[in-house]
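# Descriptive structure summary
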Amino acid sequence: MKYASEAPRERAAEAAARSGTPASAPEEQHGTRNRVARSILDHGPSTAAELALRLELTQAAVRRHLDTLVADGVVEPREKRVYGARGRGRPAKVFALTDCGRDAFDQAYDKLAVDALRWIEQSAGGGEAGRAAVAAFARARLAAQAEGYRGAVEAAAPGGRTEALAGALSADGYAATARSAPVGEQLCQHHCPVAHAAERYPQLCEAETEVFSQLLGTHVQRLATIAHGDGVCTTFVPKTGEVEKTGTSTTKTTTASASTAGRNPE
């Protein structure tokens, strides 16, 4: 199910609305359903109330679309995690994209990335040498990509650099956000264009984490990755004072493998 292919339907519905000609019900339904799925992609696991507020729809309408998306295997319901003391009553239910749902957002070139990395690995002789060759390629690629982010990050105030990096990543299709966390911030990437490649080659995640550390000028720690089965790629960025206080080694934390990532906080 390629939800990206529904964009023409949505544009047709919008054009019909501007011209005064009512769009057909199926076109409107497809367009709105695509917006619901896209909102989850951009903002991460969301409740029906949050989606309704973002999309300016009623909760009843959102729930109808969510029911269809769940039936199609595009999203799945989860129990929302609660940090600290839990109040009375059942925790809110959130809806997250499934692997099938992520695949719907134009990840066809991911197979090409896997094939290319496999060729690099095999050309280097496989084994440890092959893995090292993939890691070298990943570092070179991410270093070049980081140059496009550096200007935005360095132009931001010290307290706004994580948010500036999130904005630069979003422009590259990672649907990234920055949010406050105890003793630091969390950089969240709700979309990974090369998730399948990173699942096979965690060197991509490791190189990306190293680049984040270099751009932000502090050690960072990868907590979760989409490639490892988490809903969102989450990177912890500590406050500068916490880095000095703990004396944590930059090299040690920035090279943490994606295979050791914890589960993602939703």
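Now for a description of the structure that goes with this document. (Residues numbered from 1 in each chain as written. Predicted model: local features only at pLDDT ≥ 70, side-chain atom pairs only at ≥ 80, totals over all residues. Heavy atoms only, no water.)

Our next topic: the pattern of salt bridges. This structure, assessed with the given rule, holds six salt bridges. For Glu128, the salt bridge identified is with Arg131, shortest N-O distance 3.0 Å. With a gap of three residues between them, Glu128 and Arg131 both fall in helix H7 (residues 127–155), about one helical turn apart. Judged by its relative accessible area of 41%, Arg131 falls in the partly exposed class. (Salt bridge = Lys/Arg side-chain N within 4 Å of Asp/Glu carboxyl O. Helix = DSSP H or I, 4+ residues; strand = E, 2+ residues; numbered from the N terminus. Buried < 20%, exposed > 50% of the residue type's maximum accessible area, 1.4 Å probe, protein only.)

Turning next to the side chain of Arg33. Mapped onto the elements, Arg33 comes out in helix H2 (residues 25–43). No salt bridge is formed by the buried Arg33. Its closest oppositely charged neighbour is Asp72, at 5.4 Å. One polar contact links Arg33 to His65, side chain to side chain, over a distance of 3.5 Å. (Lys, Arg positive; Asp, Glu negative; His and termini not counted. Polar contact = N/O pair within 3.5 Å; in protein donor to acceptor, adjacent residues only side chain to side chain.)

A few words on the nonpolar core. Ranked by size, the top nonpolar core spans 34 residues in total, and within it Leu117, Tyr149, Leu165, Leu169 and Leu204 carry the most contacts. Counting residues per element, the ones that place at least two in this core are helix H6 (110–123), H7, helix H8 (161–171), helix H9 (195–200), helix H10 (203–216) and strand E6 (233–238). Counting residues per element, this core draws most heavily on H10, at seven residues. In this structure, Leu204 is in contact with Leu117, Ala138, Val194, Ala197 and Ala198, ignoring residues within four places of it in sequence. Counting residues in each nonpolar core, the second largest holds 15 residues, with Leu51, Ala52, Leu69 and Leu97 among its members. (Core = buried A, V, L, I, M, F, W, Y, C linked by side-chain atoms within 4.5 Å. Contact = heavy atoms within 4.5 Å.)

Here we take up the packing of helix H3 (residues 48–55) against helix H4 (residues 59–71). Where H3 contacts H4, the two axes come as close as 9 Å, and the packing angle between them is 115°. By the angle between their axes, H3 is roughly perpendicular relative to H4. Helix-helix and strand crossings are classified by hand; for H3 and H4 the assignment is right-handed. Packed against H3, whose contacting residues are Ala48, Ala49, Leu51 and Ala52, the element H4 presents Gln59, Val62, Arg63 and Leu66 at the interface. Here the residues of the contact of H3 with H4 sort into six nonpolar, one polar and one charged. (Axes fitted to C-alpha atoms, helices over the stretch in contact; angles between N-to-C directions. Parallel < 35°, antiparallel > 145°, perpendicular 65-115°, else oblique. Left-handed = near helix turned anticlockwise from the far one by under 90°. Nonpolar A, V, L, I, M, F, W, Y, C, P; charged D, E, K, R; others polar.)

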